[in-house]
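Coordinate inspection notes
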Amino acid sequence: MWDVITDEYIKTVLRDRQGLLTAIHDRLLELYHEMDNSDEAIKSATFGSAHENIGGGRSSDQKDLTDIMLRHFQLLRAQSMEIRVEMNRLVEEQETINRIWCCYSALNIDDKRILSDLYVKDLPYKEVECDAKKRGVSSTTLERRRKTGLQELRKLYNSDMTNVDIISNTQRKAKEAKKKSRTVSKSGYRQISLDMLLKPEGGSSSDLDMDMLKNQRK
């Protein structure tokens, strides 16, 4: 996984995550095939087999052929190393993409919606701005949430939490929010019920109190 990510790369991942992962997957398959071929070539180009295949002839010719075989062997070794380095780089990028998407999924609903509209759905900024105003969100608030969303994403990315920790923490918060919402809803229902008991149909609680006082005086 990369140590540092930029806002631009985050936007690129949000816009085309699946395309990036598919390209990495396809390239890795190519490199696995190249690595197999390279390893086989190295096995057949060892120093010992080179001597066996050179045969007779003048010593100068044998030396030239040996030098060629050694250079060929060194080239194959270098190519094999290059393949492994590129494979490692691709795997690191794959891990980075998965981490970014995991952190994006863990954002709060408001910031996530802004980033989703702007980058995942890739809608024009003016369209997102217009839609936000319909929901009562000003242009200033929209821009602030966009920046905050990217900052929170990077903060999660750089945290010590694993991807599993981030997902688990998000699920826990969602359950707590859902439980809180149910509690508030029940509390409101009970308050309404109590008000209905205190306020008779067509009257108010103060009217009920006055009637009770009049009855007591009688």
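Details of the structure are given in the entry above.
Thresholds, definitions, all that
- Residues numbered from 1 in each chain as written.
- Predicted model: local features only at pLDDT ≥ 70, side-chain atom pairs only at ≥ 80, totals over all residues.
- Heavy atoms only, no water.
- Helix = DSSP H or I, 4+ residues; strand = E, 2+ residues; numbered from the N terminus.
- Contact = heavy atoms within 4.5 Å.
- Areas by Shrake-Rupley, 256 points an atom, 1.4 Å probe, with all protein chains shown as cover.
- Core = buried A, V, L, I, M, F, W, Y, C linked by side-chain atoms within 4.5 Å.
- Buried < 20%, exposed > 50% of the residue type's maximum accessible area, 1.4 Å probe, protein only.
- Axes fitted to C-alpha atoms, helices over the stretch in contact; angles between N-to-C directions.
- Parallel < 35°, antiparallel > 145°, perpendicular 65-115°, else oblique.
- Phe/Tyr/Trp six-rings, centres within 6.5 Å; stacked < 30°, edge-to-face > 60°.
- Lys NZ or Arg CZ within 6 Å of the ring centre and 35° of its normal.

Here we take up the overall build of the protein. When you go through the protein residue by residue, the secondary structure sums to eight helices and zero strands. Order of helices (α) and strands (β) in the protein, N terminus to C terminus: α-α-α-α-α-α-α-α. Counting only contacts in the protein whose residues sit at least 6 apart along the sequence, the fraction spanning at least 24 positions is 73%. In the structure as shown, the protein presents an accessible area of about 15,400 Å², 53% of it carried by carbon and sulfur atoms.

Secondary-structure assignment places Arg145 in helix α6 (residues 139-157). Distance from Arg145 to Arg113, taken between C-alpha atoms, is 9.5 Å for residues 32 residues apart in sequence. If sequence neighbours within four positions are ignored, Arg145 has contacts with Asp110, Asp111, Ile114 and Val137.

Once that is clear, we can look at the environment of Leu76. Relative to the helices and strands, Leu76 resides in helix α3 (residues 59-105). Residues Leu76 and Glu40, spaced 36 residues apart in sequence, show a C-alpha to C-alpha distance of 9.9 Å.

Position of Thr96 relative to the elements: it lies in helix α3. When residues no more than four places from it in sequence are discounted, the contact partners of Thr96 are Met1, Trp2, Ile5, Tyr9 and Tyr157.

What follows is about the nonpolar core. Ranked by size, the top nonpolar core spans 33 residues in total, and within it Ile10, Ile97, Ile100, Leu115 and Leu153 carry the most contacts. It is helix α1 (residues 7-44) that contributes the most residues to this core, ten residues altogether. Contacts of Ile100, omitting those with residues within four sequence positions, involve Ile5, Tyr9, Ile10, Val13, Leu153 and Tyr157.

We now examine the packing of helix α4 (residues 109-120) against α6. Axis angle and axis distance: for two packed helices, these are the angle between their axes and the distance between the axes, and together they describe the pair. The interhelical angle for the contact between α4 and α6, taken along N-to-C directions, is 95°, at an axis separation of 8 Å. As far as their axial angle goes, α6 and α4 are roughly perpendicular. In contact with Asp110, Asp111, Ile114, Leu115, Leu118 and Tyr119 of α4, α6 contributes Leu142, Arg145, Arg146, Thr148, Gly149 and Leu150.

With that settled, the discussion passes to the packing of aromatic side chains. Taken as a whole and assessed by the stated rule, the structure comprises two aromatic pairs. With a centroid separation of 5.0 Å and an interplanar angle of 50°, the aromatic rings of Trp101 and Tyr104 are classed as tilted. One end of the pair is Trp101 and the other is Tyr104, both in helix α3 and three residues apart, which spans about a single turn. On the basis of relative accessibility, which here comes to 23%, the residue Trp101 falls in the partly exposed class. Judged by its relative accessible area of 5%, Tyr104 is buried. A cation over a ring is seen here: Arg99 above Tyr157, with NZ or CZ 6.0 Å from the ring centre. For Lys112, the ring lying beneath its charged end belongs to Tyr104, and the centroid distance is 5.5 Å.

Limitation: the analysis is restricted to geometry and does not speak to function.
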